[in-house]
Amino acid sequence: MDASERIFKYHGLGNDFVVLDRRRTGVDIDAEQSRWLCDRRRGIGADGVLALLPSTRGTARMVVHNADGSIAEMCGNGLRCAVKYLVDHSGDHPALLDVETGAGVLTCEPGYGDGGVVGVDISMGPARLVAANLPSGTTGQPFVDAPVPGHPELRGTAVNMGNPHLVLLDQPLEASERLGPVLERHPAFPDRTNVEFVRVEEDGLTVVVWERGCGLTQACGTGACASAVAAVLARRLPGNAWLRVTLPGGDLRIRVPDDLSDIRLRGPVAFVFEGVVALPRAR
């Protein structure tokens, strides 16, 4: 028989996740279980699964499972959902919370309202322009406002926010559905990449993200950060200011210091429901 397990559903601007608290057993799920949970017809339906595991460095270790069964190093919207779950089930109201992720231990500041945690401000750590999972990883040179190999009509900036991103400034947002799946698997990105299609505006950005392993989503926290970094590097928007980043699901606020040392992300989070599912056994 399949094992019964309690699940919790959350979303950050429509980017939705199933949360599994595995801190007691310390056992993660496998790719097949992730795909089943994310299936919107045969499972629960989500962009990803957040498995919370024990950690000696934070309140929990968050493992992000994409809808296709792959694992992401980091997810900004997912981290806000994990923080809300952890705080709302702790009986406490901490001012700060450390969560271990694939991008390191990140410090989160919950924002409280009538529904418990209603938003989270995250210290996302540095934005890196040279990393093993970026095109610059093989040359040692940042890939900033450069022609995209194989697509000379496109110019992009590669940014590592714990996970890889290719940011395309001034690209039609509607091109995301056509170009997103092609660029996600661009050979210059050894681990595939998230792709941001960005319209730069006077007071901020409008962004559509093709997420690696998920496709088009309502919002992407790391994608919003990467887009803001690219806009600041291009001197299209100011550094050291809270910038509006509008995604299909709503607005995030991103702050990019001039030295890219600690990108800040601020955004809402909401609980949807909890229930019990017959989770297929791991293979």
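As the structure is a prediction and not an experimental result, all values here were calculated from the model.

A. Spatial organisation of the overall build of the protein chain. A count of helices and strands for the protein chain gives 4 helices and 18 strands. Relative to its length of 283 residues, the protein chain is compact, with a C-alpha radius of gyration of 18 Å against a globular reference of 19 Å. C-alpha atoms of the protein chain, sized along the principal axes, occupy 55 × 40 × 30 Å. A total of 283 residues make up the protein chain; the buried ones form 57% of that total. In the protein chain, of all internal contacts separated by at least 6 residues, the share reaching a separation of at least 24 is 61%. For the protein chain, the accessible surface area stands at approximately 11,900 Å², while carbon and sulfur atoms represent 49% of it. When the 29 positive and 35 negative side-chain charges of the protein chain are each reduced to one mean point, those points stand 3 Å apart.

B. Focus on the UniProt feature "binding site: substrate" (unreviewed entry) in the protein chain. As annotated in UniProt, the feature "binding site: substrate" (unreviewed entry) corresponds to Asn15, Asn66, Gly76, Asn77, Asn163, Asn194, Glu211, Arg212, Gly221 and Thr222 in the numbering used here. In this structure, the largest cavity is lined, among the annotated residues mentioned, by Asn15, Asn66, Asn163, Asn194, Glu211, Arg212 and Thr222. Note that Asn77 resides in helix 2 (residues 76-88). For Asn77, a relative accessible area of 0% corresponds to the buried category.

Reading the values: the criteria
- Residues numbered from 1 in each chain as written.
- Predicted model: local features only at pLDDT ≥ 70, side-chain atom pairs only at ≥ 80, totals over all residues.
- Heavy atoms only, no water.
- Helix = DSSP H or I, 4+ residues; strand = E, 2+ residues; numbered from the N terminus.
- Rg over C-alpha atoms; globule rule 2.2 N^0.38 Å.
- Buried < 20%, exposed > 50% of the residue type's maximum accessible area, 1.4 Å probe, protein only.
- Contact = heavy atoms within 4.5 Å.
- Areas by Shrake-Rupley, 256 points an atom, 1.4 Å probe, with all protein chains shown as cover.
- Lys, Arg positive; Asp, Glu negative; His and termini not counted.
- Charge placed at Lys NZ, Arg CZ, Asp CG, Glu CD.
- UniProt positions renumbered as here; feature names shortened; annotations may be inferred.
- 1 Å grid on protein atoms, 1.4 Å probe; cavity = no way out; pocket = protein on both sides within 12 Å on 5 of 7 lines; lining within 4 Å.

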